Amino acid sequence: MLISCGDALIDFVPTRNTDGREAVMPAVGGSCLNVAIGMARLGAPTGFVGGISTDMFGRMIADHAAASNVELALATRSEHQTTLAFVRIVAGESHYAFYDAETATRNWTYRRGSIPFATVEALHVGSTTLVNDQGATETMALIAGARASSTISFDPNCRPNLVKDRPAYLARMTEFAASADLIKMSDVDFAYLFADEPYHQRASTLLARGASLVVITRGDNGAIAWHAGAGQIEVAAPKVVVADTIGAGDSFQAALLFALHKQGRLARQQLKDIGADELRRALSFAANCAGLTCTRPGADPPWSHEISWSS
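Residues numbered from 1 in each chain as written. Predicted model: local features only at pLDDT ≥ 70, side-chain atom pairs only at ≥ 80, totals over all residues. Heavy atoms only, no water.

Chemist: How should the overall build of the protein chain be read in this particular structure?
Modeler: Helix and strand counts for the protein chain stand at nine helices and 15 strands. A globule of 311 residues ought to have a C-alpha radius of gyration of about 19 Å, and the protein chain, at 18 Å, matches this closely. Here the C-alpha coordinates of the protein chain stretch approximately 55 × 45 × 40 Å along the principal axes. A total accessible area of about 12,900 Å² is found for the protein chain, and carbon and sulfur atoms account for 52% of it. Across the protein chain, the centroid of the 26 positively charged side chains sits 2 Å from that of the 31 negatively charged ones. (Helix = DSSP H or I, 4+ residues; strand = E, 2+ residues; numbered from the N terminus. Rg over C-alpha atoms; globule rule 2.2 N^0.38 Å. Areas by Shrake-Rupley, 256 points an atom, 1.4 Å probe, with all protein chains shown as cover. Lys, Arg positive; Asp, Glu negative; His and termini not counted. Charge placed at Lys NZ, Arg CZ, Asp CG, Glu CD.)

Chemist: How do you make sense of the packing of aromatic side chains when you look at a structure like this?
Modeler: For any pair of aromatic rings, geometry is given as the distance between the ring centres together with the angle between the planes. This structure, assessed with the given rule, holds eleven aromatic pairs. Ring geometry for Phe 258 against Phe 285: centres 5.9 Å apart, planes inclined by 35 degrees, an arrangement best described as tilted. You can see Phe 258 sitting in helix 7 (residues 248-262) and its partner Phe 285 sitting in helix 9 (residues 276-294), a full 27 residues away along the chain. Residue Phe 285 is classed as buried on the basis of its relative accessible area of 6%. Aromatic pair Phe 285 and Trp 309: ring centres 5.1 Å apart, planes at 70 degrees, arrangement edge-to-face. (Phe/Tyr/Trp six-rings, centres within 6.5 Å; stacked < 30°, edge-to-face > 60°. Buried < 20%, exposed > 50% of the residue type's maximum accessible area, 1.4 Å probe, protein only.)

Chemist: What's the story with the pairing of strand 4 (residues 46-49) in this structure? I'm lost.
Modeler: On a regular strand, each side chain points to the face opposite its neighbour's, so the side chains alternate between the two faces of the sheet. The alternating pattern of strand 4 places Thr 46 and Phe 48 and Gly 47 and Val 49 on opposite faces, both of which are buried. Summarising the sheet, strand 1 (residues 2-5) and strand 4 pair through four bridges and their orientation is parallel. Within strand 4, the position partnered with Cys 5 by the bridge is Val 49. Sheet analysis places strand 4 next to strand 6 (residues 70-71), joined by two bridges and oriented parallel. Following the sheet pairing, Gly 47 is matched in strand 6 by Glu 71. (Pairing = 2+ DSSP bridges.)

Chemist: What am I meant to see in the nonpolar core here?
Modeler: As a rule of thumb, soluble globular proteins bury nonpolar side chains together. Formed by 49 residues in total, the largest nonpolar core has its most connected members in Ile 115, Leu 123 and Phe 154. For Phe 154, the residues in contact, after removing those within four places along its chain, are His 124, Val 125, Gly 126, Leu 130, Met 173, Phe 176, Ala 177, Ala 180, Leu 182, Ile 183 and Lys 184. Listed in part, the 35 residues of the second largest apolar core include Ala 122, Phe 258, Ile 274 and Phe 285. (Core = buried A, V, L, I, M, F, W, Y, C linked by side-chain atoms within 4.5 Å. Contact = heavy atoms within 4.5 Å.)

Chemist: Hey, could you run me through the sheet that holds strand 13 (residues 213-217) in this one?
Modeler: Across a sheet, paired strands are connected by hydrogen bonds in the backbone, their directions being either parallel or antiparallel. Strands sit in the order 6-4-1-10-11-12-13-14-15 across an open sheet of nine strands; the sheet is mixed. What marks the edges here is a single partner per strand, and that holds for strand 6 and strand 15 (231-235).

Chemist: Is there a simple way to explain empty space enclosed by the protein in this structure?
Modeler: Where empty space is left becomes clear once a probe the size of a water molecule has been rolled over the atoms. Counted under the stated rule, the structure contains one cavity of 30 Å³ or more. If you go around the largest cavity, the residues you meet are Val 49, Leu 74, Thr 76, Trp 108, Thr 109, Tyr 110, Arg 111, Ser 114 and Ile 115. (1 Å grid on protein atoms, 1.4 Å probe; cavity = no way out; pocket = protein on both sides within 12 Å on 5 of 7 lines; lining within 4 Å. Points joined across faces, edges and corners; volume = space filled by probe spheres on them.)

Chemist: Help me out: how do you make sense of the sheet that holds strand 8 (residues 83-90) in this one?
Modeler: The four strands lie next to each other as 3-2-8-9, forming an open sheet whose pairing is mixed. Both outer strands of the open sheet, strand 3 (22-29) and strand 9 (93-99), are each paired with one neighbouring strand and no more. Within the sheet, the average angular offset between the axes of one strand and its neighbour, ignoring direction, is 30 degrees. Pairing analysis gives four bridges linking strand 2 (residues 9-16) to strand 8, with the strands arranged parallel. Residue pairing across strands places Leu 9 opposite Thr 83, the latter belonging to strand 8. (Axes fitted to C-alpha atoms, helices over the stretch in contact; angles between N-to-C directions.)

Chemist: In this structure, what is going on with helix 9? I would like to understand it.
Modeler: Residues spaced three or four apart along an α-helix point in a common direction, a consequence of the helix completing one turn every 3.6 residues. End to end, helix 9 covers 27 Å across 19 residues, agreeing with the expected 27 Å (1.5 Å per residue, within 8%). Those residues of helix 9 that fall on the buried side of the exposure criterion are Leu 279, Ala 282, Leu 283, Phe 285, Ala 286, Ala 287, Cys 289, Ala 290, Gly 291, Thr 293 and Cys 294. Buried positions along helix 9 lie against helix 1 (31-42), strand 13, strand 14 (223-227), strand 15 and helix 7. (Expected span 1.5 Å × (residues − 1).)

Chemist: How do you make sense of the side chain of Glu 197 when you look at a structure like this?
Modeler: Tracing the chain through its elements places Glu 197 in the loop between helix 5 (187-194) and helix 6 (199-208). With a relative accessible area of 15%, Glu 197 lands in the buried category. Setting aside anything within four residues of it in sequence, one finds Glu 197 in contact with Phe 190 and Arg 202.

Here's what the structure looks like:
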């Protein structure tokens, strides 16, 4: 099984009402839930770990996840309210206003001993859950339990407007990166975390600290990856008509993990040994899935019948 742990929320995505004025439409989201949904829709056995409310929005989240074949037995349901995120598109980038005090996601705790890690091929973590102290502490405990048998995937998916202490947050992201086998971040995340440091220089540092694969997505400029054995690989982004970019990075992450899983290259040693051709194929598939997600509003990753993967 593949597992994603982290945020599950409702995005209020921009739209227009009948007289042309700005409006918003609720859509299930949350980076880590999106990753779980993306993997499950492509056909991987997938579970979600995190807090989901029992309120109206929480039921929307649970129904959406179940309809996408995500296993929720490891999720924690509570009466805390659902996190809400209001989205506005500025110059092609999604900007968020979060309402996340005392929510189900914020109050999630890892139930020690509840996950049979021997059956978990990979664990993905990241995003807003890691901003607050409790979420970061609980997620690090989860990683400690998984590390011996499961590949660790990490996407910081930074949300600067939630960060109150930037030096502490940067140190925390460094700690999570040091625990990961696969690190993916957008060019926007990279700029926030590492300013104008050259991509290849930071990638070399992350590989030296234990990661096997480092990937940076760059919107319509495609993605570039570094691997200790396979070297540097760049793939193009597909040409699509963009509705919005919400969930595109999550769709990329989900498709990359799925592709590595299908190739038998997701387990830690197999990921270390992957060849350049296999890695390029997985990255290209991920870029195509992200492109398809951009053609429709909200976080709506593709299903297996919409995009082809053949072994």
